[in-house]
Amino acid sequence: MKKEEFRLPAIEVQQGAGQKLYAFAVDGKQVPSFATVSRIRRPNGVLEGYQRPEVLSHIAEIKRYIESAAPMIPNAIVIAFDSQVRFIPDVPDDTHPSFTRPGTLVIPLVPGTSAEEKPGFIVDGQQRLAAIREARVESFPICITAFITDDLRRQTEQFILVNSTKPLPKGLIYELLPATDAALPSLLQRRRFPAYLLDRLNRDAESPMRDKIQTPTNPEGHIKDNSVLRMLENSLTDGALYRFRGTEDTESDTENMLGTLRAFWGAVADIFHDAWGLPPRRSRLMHGAGIVSMGFVMDAIAERNRNASALSAEQFAKDLRPLRDACRWTDGYWDFGPGQKRKWNEIQNTSKDVQLLSNYLMVQYKARVWNQHVGIAAVDPDGGRTVQ
């Protein structure tokens, strides 16, 4: 069978004692012709390979991005080549650093070769290459960093090192989101607008939450950023902020959203002043369970006053005041019903406890404030609302 080859311009980089890397670019759709994925398996109980199976949902996200108007994937794919691949250096000159030299990387291609016989194994970038393979684009050039070795243990070692690097903290990602406008994976896309609202709440001079939300750039804040994001997402989905959301033809009314948030949390800070601003270990109001649960109270108050164009802090305070003696933010026991008394600081930031506290506050609000109405919704913080 005729043997063909890729001849690609490349840079050889000397690292450490005799360690050599090769940097080059190639159409990502051509990579499967010379490199394969060594998926982890245990034939006869012996561990072989080192890659994980493809994650279809992640690949679909990347595929949609590649098919967008102006995609860019700057991080390189990492490939381990065996000794079938060779590097031919150019004629040396004095214009390059001593640790690099340009040349040509020669990759043999044999049509019909099985995956195990291909000269390259993908160490990092499996999902990206799968997305490029499936994307409805003619081509998509990608940067490659490669090394040459016949030692499977060295390939596996590099896979572990590349993939065990600590990922970016989610809080840092969320803090960076408002400063971006590029297409993002769907989860981050959904969180970009709530992250913007969070950023405004944490920075605006008139916000009662100013400097109180803990983020990577504000580590002294008492309220966890993820708790505020959950509160905002709940309200944007089916609550006080939903009414200000835009449509396909109109933009969201961000300032009215922020006005509602400032008014409500300002009223909370006033009515529950003895619990506001304390660390979560001293106040369950500043705890994740308190923030998310009180967000549902904000939504209920807005629903009761839905005919008002915008609620002031005074209007929110009027509805919050009757709840003051039903709350045990800093001491005492929550009375959730027969056999369900809980010490104030036993409430944890779990779905079960958030739902317990949310439903308790909604029942108290119904009895103390909205008792002339029927059908107020009890809140399931995991997404649904059930009518009582």
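Residues numbered from 1 in each chain as written. Predicted model: local features only at pLDDT ≥ 70, side-chain atom pairs only at ≥ 80, totals over all residues. Heavy atoms only, no water.

A. Broad picture of helix 2 (residues 126-134). Burial runs high along helix 2: 7 of the 9 residues are buried. Considering only its buried residues, helix 2 is in contact with helix 1 (56-66), strand 4 (77-81), strand 7 (120-124) and strand 8 (141-148). (Buried < 20%, exposed > 50% of the residue type's maximum accessible area, 1.4 Å probe, protein only. Helix = DSSP H or I, 4+ residues; strand = E, 2+ residues; numbered from the N terminus. Contact = heavy atoms within 4.5 Å.)

B. Main features of the pairing of strand 4. For strand 4, a buried count of 5 out of 5 residues is recorded, marking the element as mostly surrounded by other parts of the structure. Side chains of strand 4 alternate between two faces, with Ile77, Ile79 and Phe81 and Val78 and Ala80 buried alike. Across 5 bridges, the pairing between strand 4 and strand 8 is parallel. Along strand 8, the bridge assignment pairs Ile79 with Ala146. (Pairing = 2+ DSSP bridges.)

C. Structural context of the sheet that holds strand 8. Here 8 strands make up an open sheet; going across it, the order is 3-7-4-8-2-1-6-5 and the pairing mixed. Among the strands making up the open sheet, the edge pair consists of strand 3 (35-36) and strand 5 (86-89). Two strands pair when backbone bridges link them, and strand 2 (residues 19-27) and strand 8 are joined in this way by 6 bridges, in the antiparallel orientation. Across the sheet, the residue bridging to Tyr22 is Ala146, located in strand 8. The strands touched by helix 2 within the sheet are strand 4, strand 7 and strand 8, with strand 7 carrying the most contacts at an inclination of about 115 degrees. (Axes fitted to C-alpha atoms, helices over the stretch in contact; angles between N-to-C directions.)

D. Molecular detail of the packing of aromatic side chains. According to the stated counting rule, one finds 13 aromatic pairs in the structure shown. On the basis of an interplanar angle of 45 degrees and a centroid distance of 5.1 Å, the ring pair of Tyr22 and Phe87 is categorised as tilted. Here Tyr22 is found in strand 2, whereas its partner Phe87 is found in strand 5, with 65 residues between them in sequence. Grouping residues by exposure puts Tyr22 and Phe87 together as buried. Through successive ring pairs, a cluster of aromatic residues spans Phe272, Trp329, Trp334, Phe336 and Tyr360. (Phe/Tyr/Trp six-rings, centres within 6.5 Å; stacked < 30°, edge-to-face > 60°.)

E. Spatial organisation of helix 10 (residues 351-368). Here helix 10 spans 25 Å end to end across 18 residues, near enough to the 26 Å set by a 1.5 Å rise per residue. Within helix 10, burial applies to Asp353, Val354, Leu357, Ser358, Tyr360, Leu361, Met362, Gln364 and Tyr365. (Expected span 1.5 Å × (residues − 1).)

F. Summary view of the pattern of salt bridges. Applying the stated criterion across every chain, the model contains 19 salt bridges. Salt-bridge contacts for Lys63 lead to Glu67; the nearest nitrogen and oxygen are separated by 3.1 Å. With its nearest N and O atoms 3.7 Å apart, the salt bridge here joins Asp204 to Arg262. Highlighted residues: Asp204 in the loop between helix 5 (186-203) and strand 9 (213-214) and Arg262 in helix 7 (residues 254-271), separated in sequence by 58 residues. On the accessibility criterion, Asp204 (11% relative accessible area) is buried. Assessed through its relative accessible area of 19%, Arg262 is described here as buried. Three or more residues are tied together by salt bridges with common partners; here these are Arg200, Asp204, Glu206, Glu255 and Arg262. (Salt bridge = Lys/Arg side-chain N within 4 Å of Asp/Glu carboxyl O.)

G. Structural context of the environment of Tyr333. Following the sequence through the fold, Tyr333 ends up in strand 11 (residues 333-335). Separated by 12 residues in the primary sequence, Tyr333 and Asn345 place their C-alpha atoms 8.7 Å from one another. In contact with Tyr333, other than residues within four places in its own chain, are Arg328, Arg342, Lys343 and Trp344.

H. Representation of the pairing of strand 6 (residues 100-109). Most of strand 6 is tucked away, with 7 of its 10 residues classed as buried. Examined bridge by bridge, strand 1 (residues 4-15) and strand 6 share 10 bridges and lie antiparallel to one another. Note that in strand 6 the partner of Pro9 across the bridge is Thr104. As defined by bridge partners, strand 5 adjoins strand 6 across 4 bridges and the pair is classed as antiparallel. For Phe87, the partnering residue across the bridge sits in strand 6 and is Leu105.

I. Structural view of the confidence of the model for the protein chain. On average, residues of the protein chain score 86 in pLDDT, and 87% of them reach the 70 mark or higher. Here strand 14 (residues 385-387) stands out as the element of the protein chain with the lowest mean pLDDT, 43, in contrast to helix 7, whose mean of 97 is the highest. Across residues 374-378, confidence stays below pLDDT 50; counting only partners more than four residues off in sequence or on other chains, it has 15 contacts. Long-range and interchain partners of residues 381-388, a stretch whose pLDDT sits below 50, account for 24 contacts in this model, where long-range means more than four residues apart. (pLDDT = per-residue confidence, 0-100.)

J. Molecular detail of the environment of Arg304. Along the chain, Arg304 turns up in helix 8 (residues 288-304). For Arg304 and Val369, which are 65 residues apart along the polypeptide, the C-alpha to C-alpha distance reads 9.5 Å. Among the polar contacts listed, one links the side chain of Arg304 to the side chain of Asp319, at a separation of 2.9 Å. (Polar contact = N/O pair within 3.5 Å; in protein donor to acceptor, adjacent residues only side chain to side chain.)

K. Main features of the nonpolar core. Ranked by internal contacts, the top residues of the largest apolar core, which has 62 residues, are Trp265, Met294, Leu320 and Trp329. Counting residues per element, the ones that place at least two in this core are helix 5, helix 6 (225-238), helix 7, helix 8, helix 9 (313-320) and helix 10. Filtering out sequence-adjacent residues up to four positions away, Trp329 remains in contact with Phe272, Ala275, Arg282, Ser283, Arg284, Leu285, Gly290, Met294, Trp334, Trp344, Leu357 and Leu361. Counting residues in each nonpolar core, the second largest holds 32 residues, with Ile77, Ile122, Ala131 and Ala135 among its members. (Core = buried A, V, L, I, M, F, W, Y, C linked by side-chain atoms within 4.5 Å.)

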